[in-house]
Amino acid sequence: MTDERKIPIVYITRVESFSACHRLHSPKLTDEENLKLFGKCNNPNGHGHNYKVEVTVRGPVDPATGMVMNLCDLKAYMNKAFMETLDHKNIDKDEPYFKDIVSTAENIAVYIWERMSKLVINSTVQLFEVKVHETDKNIATYRGD
């Protein structure tokens, strides 16, 4: 009798933290509109956050390794995708992506997704979700939709 168990699909998540500053300011709005919309977060000198980012991938558990993917590889992808470009940076001034895009948590999640999706390329493992915790109370989630 052969062991023909179904290979389980598992979601694994790695968490990294970075510190950065930004200014919520849209070039599509007037200074008055920006101030009214973003309030103190529109401070011309910016403000900072200690961001927490969760990256989740999904895939089958490899019967030989017992892993969906090596978490050391996921850590390296995260480092390359966003830690190097955002940690201890002024997001708006140091990252060209945000030159004309407001650096909201939502747009940071999309930025991370776009960069991670170029690195997590595997026939079995898929990028599932990026979750950006701007504060303990403000969280943006993106799944590539």
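Scope of this entry: the structure provided in the associated data block. Worth saying up front: this structure is predicted, and the values here are computed from it rather than measured. (Residues numbered from 1 in each chain as written. Predicted model: local features only at pLDDT ≥ 70, side-chain atom pairs only at ≥ 80, totals over all residues. Heavy atoms only, no water.)

### Examining the side chain of Glu134
Link 1 in the chain: With respect to the helices and strands, the residue Glu134 is situated in the loop between strand S4 (126-133) and strand S5 (139-142).
Link 2 in the chain: For the buried residue Glu134, which engages in no salt bridge, the nearest side chain bearing the opposite charge is Lys40, 11 Å off.
Link 3 in the chain: The residues touching Glu134, leaving out its near neighbours within four places in the chain, are His22, His49, Asn50, Tyr51 and Ala105. (Helix = DSSP H or I, 4+ residues; strand = E, 2+ residues; numbered from the N terminus. Buried < 20%, exposed > 50% of the residue type's maximum accessible area, 1.4 Å probe, protein only. Lys, Arg positive; Asp, Glu negative; His and termini not counted. Salt bridge = Lys/Arg side-chain N within 4 Å of Asp/Glu carboxyl O. Contact = heavy atoms within 4.5 Å.)

### Some thoughts on unusual backbone geometry
Link 1 in the chain: A positive phi is found at His88, a non-glycine position, where the angle reads about 55°.
Link 2 in the chain: Looking at the element boundaries, His88 is found in the loop between helix H2 (71-86) and strand S3 (89-90).
Link 3 in the chain: Of the residues examined, His88 reaches a relative accessible area of 65% and is grouped as exposed.

### Regarding the pattern of salt bridges
Link 1 in the chain: Enumeration over the complete set of coordinates arrives at 2 salt bridges.
Link 2 in the chain: The salt bridge involving Arg14 is made with Glu16; its shortest N-O contact spans 2.8 Å.
Link 3 in the chain: According to the relative accessible area criterion, Arg14 is partly exposed, its value standing at 24%.
Link 4 in the chain: For Glu16, a relative accessible area of 15% corresponds to the buried category.
Link 5 in the chain: Ionic pairing is found between Glu129 and Arg143, a salt bridge with its closest N-O pair at 2.7 Å.

### Here we look at H2
Link 1 in the chain: For H2, built from 16 residues, the straight-helix expectation of 22 Å at 1.5 Å per residue is met to within 8% by its first-to-last C-alpha distance of 21 Å.
Link 2 in the chain: A bend of about 45° at Asn79 is the largest found in H2.
Link 3 in the chain: Looking at H2, one finds that the buried residues are Leu74, Met78, Ala81, Phe82, Met83, Thr85 and Leu86.
Link 4 in the chain: Contacts made by the buried residues of H2 are with strand S1 (9-22), strand S2 (47-60), S3, helix H3 (91-94) and helix H4 (105-117).
Link 5 in the chain: The residue sitting at the N-terminus of H2 and contributing the capping side-chain oxygen is Asn70; that oxygen lies 2.8 Å from the backbone nitrogen of Cys72.
Link 6 in the chain: Looking one or two residues beyond H2, the residue adopting positive phi is His88, at roughly 55°. (Expected span 1.5 Å × (residues − 1). Bend = angle between axes of the 7 residues up to and from the residue. Polar contact = N/O pair within 3.5 Å; in protein donor to acceptor, adjacent residues only side chain to side chain.)

### A few points about the pairing of S5
Link 1 in the chain: Only one face of S5 is covered, namely the one carrying Ala140 and Tyr142; the face carrying Ile139 and Thr141 has none of its residues buried.
Link 2 in the chain: Sheet topology places S4 next to S5; 4 bridges connect them, and they run antiparallel. In the sheet register, Val132 faces S5, and the bridge partner there is Ala140.
Link 3 in the chain: Linkage of S4 to S5, two consecutive antiparallel strands, is achieved through a turn of 5 residues. (Pairing = 2+ DSSP bridges.)

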